[in-house]
Amino acid sequence: MTEGNNVTESDNKDTTAGDVPAEEKNAEEEKKENGECKVDLVEKASPPAAAEVEFVHPEGGWGWVVMLASMWCNGSVFGIQNSFGILYVSLLKEFSSKDGVDMSSKTSFVGSLSMGMIFFCSPIVSIFTDIFGCRITAVGGAAVGLVGLLASSFVKSLDVMYFTYGIVFACGCSFAYQPSLVILGHYFKKRLGLVNGIVTAGSGVFTVTLPFILSKLLDEVGLQNTLRVLCILMFVLILAGFTYKPLLPPKPAMTQTGFRLSRLFNMNIWKSVGYRIWAFGIPAALYGYYVPYVHLMKHVQERFGPNVNKEILLLCIGITSCLGRFIFGSVADFVKGSNKVFLQVLSFFVIGVMSMMIPLCNIFGGLIAVCLLMGLFDGCFICIMAPIAFELVGAKDVSQAIGFLLGLMSIPMVAGPPIAGFLRDKLGSYDMAFYLAGIPPIIGGIVLCLIPWVEARNRRKQKKEGLSKEQDVSQKMIELEKAQEDAKNKRGDSVL
């Protein structure tokens, strides 16, 4: 039927090509006489207008409930991960006492594997979110996380804990976490920056409160029952996922499956030299980033005794991390171009130096000051990620750029703490581990310093290419005008 219609239309156009002026004139006269001209224009314009209806974000309403659910998700996932240092001490006591030897490296691998898997799954979670939607992905992920955490409470072997806590629980957290950020774009546009700030502050709130709760629970009910109590957070997370009611119109099926899967590895982001440097520098800096979160509690216990109030250190990191996200997020709005990279460079330098300062602190107050600075610039590093990705690859590819970067970040996050634990087992203290943990952030910061230079060079190159193209176009215009003048002169000569 379509081919027949096309042939008829083409035949009509061919046969009436010579009579177009007369027919158009008659048609216009008829429309003017009948008053149908305006009506016809409206009828022709109405289908595109109906198809291009712009979605209006509610900027509130049920969106505030979604924001609170996302805040709970961010807090429960990263609150548990950031408080692993408290669980680490109990795990070490639980599994080292059986063999009579220290297992710092093997035990710390549980927490580092868990944190690494959250980032490693990010590219896969983005595909699941596009195909199945935010609600199904988040609820399913929270359910898997609940199963993994509950199974960890019955585990009697460290090797099995790698699977239940390090893989199953962490993968569930990853699938629950990413949709909680995507769904915010369904309800907010003008207030999206504010809402994202409130949601990400949830991890700081939980990081502040959970260490004290975990310490009390571990003393009162033990490790296994503490993990079962934490399952309550994951159960509430399942309920929170049901609030993710999508508002944006769904994509066509072909876009969800075929087109999206074909773009799983988006090569456009790797064409940017600045992004390639960024994707190498960030993982290089993170080999020592997660070491304090895992080993600081054990180090404090060894240095200052078991009765010291070590949870106050995580409290300091959590509070200043929240402040850092609001402060440096606001500062980044006033920094133009690739200079945002220098904020991230500064954060890595400070974090690296503070890691090296930990063994030098023989006074507990010195450790508090170190943790305050580490938390402040940790917030700077996190909040500046998305703006840098946007400027390096553009809005079209920014989600893929962040997803692949998070996947690359998983490798050093997994490797760093076990290396520090291995050094502790061999040397008998954490001093060398913290000294070495401060080196990768400084090296990564130095690598990131290349990005502004590369981006400035690319802008100069593009400017030169633009000028040369303009010159070529103007030269062609001059040659065309000259050719037209020559043609007119020839015609004049032939007439004479």
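Above this note sits the structure.
Residues numbered from 1 in each chain as written. Predicted model: local features only at pLDDT ≥ 70, side-chain atom pairs only at ≥ 80, totals over all residues. Heavy atoms only, no water.

### Some details on the overall build of the chain
Okay, so step 1: Within the chain, the regular secondary structure consists of 22 helices and zero strands.
Okay, so step 2: By residue count, 48% of the 496 residues in the chain fall in the buried class.
Okay, so step 3: Across the chain, every contact between residues at least 6 apart in sequence was considered, and the portion connecting residues at least 24 apart equals 86%.
Okay, so step 4: Accessible surface computed for the chain: about 25,300 Å², of which carbon and sulfur atoms make up 66%. (Helix = DSSP H or I, 4+ residues; strand = E, 2+ residues; numbered from the N terminus. Buried < 20%, exposed > 50% of the residue type's maximum accessible area, 1.4 Å probe, protein only. Contact = heavy atoms within 4.5 Å. Areas by Shrake-Rupley, 256 points an atom, 1.4 Å probe, with all protein chains shown as cover.)

### Quick word on the layout of surface pockets
Okay, so step 1: Counted as a void, the second largest pocket has a volume near 230 Å³.
Okay, so step 2: Lining the second largest pocket, in full, are Ile86, Val89, Ser90, Lys93, Ser215, Leu218, Asp219, Gln301, Pro306, Lys310 and Glu311.
Okay, so step 3: Listed by contribution, the elements that provide at least two residues to the lining of the second largest pocket are α5 (84-99) and α11 (192-241).
Okay, so step 4: Looking at the lining of the second largest pocket element by element, the count peaks at four residues for α5.
Okay, so step 5: Of the residues belonging to the lining of the second largest pocket, the class tally is four nonpolar, three polar and four charged. (1 Å grid on protein atoms, 1.4 Å probe; cavity = no way out; pocket = protein on both sides within 12 Å on 5 of 7 lines; lining within 4 Å. Points joined across faces, edges and corners; volume = space filled by probe spheres on them. Nonpolar A, V, L, I, M, F, W, Y, C, P; charged D, E, K, R; others polar.)

### Here we look at the packing of helix α8 (residues 134-152) against helix α9 (residues 158-182)
Okay, so step 1: Two elements in contact, α8 and α9, have axes separated by 7 Å at closest approach and are oriented at 155°. On the basis of their axis angle, the class for α8 and α9 is roughly antiparallel. As α8 runs across α9, the sense of the crossing is left-handed. Here Cys134, Thr137, Ala138, Gly141, Ala142, Val144, Gly145, Gly148, Leu149, Ala151 and Ser152 of α8 lie close against α9, whose contacting residues are Met161, Thr164, Tyr165, Val168, Phe169, Gly172, Cys173, Phe175, Ala176, Pro179 and Val182.
Okay, so step 2: Looking at the contact of α8 with α9 residue by residue, the class counts come to 15 nonpolar, seven polar and no charged. (Axes fitted to C-alpha atoms, helices over the stretch in contact; angles between N-to-C directions. Parallel < 35°, antiparallel > 145°, perpendicular 65-115°, else oblique. Left-handed = near helix turned anticlockwise from the far one by under 90°.)

### Some remarks on the nonpolar core
Okay, so step 1: Core analysis: the largest hydrophobic core is formed by 122 residues, its most contacted members being Tyr275 and Trp278.
Okay, so step 2: Among the elements that make up this core, the one with the highest residue count is α11 (15 residues).
Okay, so step 3: Residues within four places of tryptophan 278 in sequence aside, it is in contact with Pro283, Gln344, Met385, Ile388, Ala389, Leu392, Leu405, Leu448 and Ile451. (Core = buried A, V, L, I, M, F, W, Y, C linked by side-chain atoms within 4.5 Å.)

### Observations concerning the packing of helix α16 (residues 340-357) against helix α21 (residues 439-448)
Each pair of packed helices gets described by two things: the angle between the helix axes and the distance between those axes.
Okay, so step 1: Following both chains from N to C, one finds α16 and α21 inclined at 160°, their axes separated by 7 Å at the closest point. Viewed along their axes, α16 and α21 adopt a mutual orientation that is roughly antiparallel. Note that α16 runs across α21; the crossing there is left-handed. Taken together, the residues of α21 that come into contact with α16 (itself represented by Val341, Gln344, Val345, Phe348, Phe349, Gly352, Val353 and Met356) are Ile439, Pro441, Ile442, Gly445, Ile446 and Leu448.
Okay, so step 2: Classifying every residue of the contact of α16 with α21 by side-chain character gives eleven nonpolar, three polar and no charged.

### Examining α8
Okay, so step 1: Over its 19 residues, α8 runs 27 Å from end to end, which matches the ideal 27 Å to within 8%, given 1.5 Å per residue.
Okay, so step 2: When α8 is considered as a whole, its buried residues turn out to be Cys134, Thr137, Ala138, Val139, Gly141, Ala142, Gly145, Leu146, Gly148, Leu149 and Ser152. (Expected span 1.5 Å × (residues − 1).)

### Remarks on the side chain of glutamine 81
Okay, so step 1: Mapped onto the fold, glutamine 81 is located in helix α4 (residues 62-82).
Okay, so step 2: A relative accessible area of 1% places glutamine 81 in the buried class.
Okay, so step 3: One polar contact links glutamine 81 to serine 114, side chain to side chain, over a distance of 2.8 Å.
Okay, so step 4: Apart from the residues within four sequence positions on either side, glutamine 81 is in contact with Gly111, Ser114, Met115, Ile118, Phe169 and Tyr290. (Polar contact = N/O pair within 3.5 Å; in protein donor to acceptor, adjacent residues only side chain to side chain.)

Interpretation in functional terms is not warranted from these geometric data alone.
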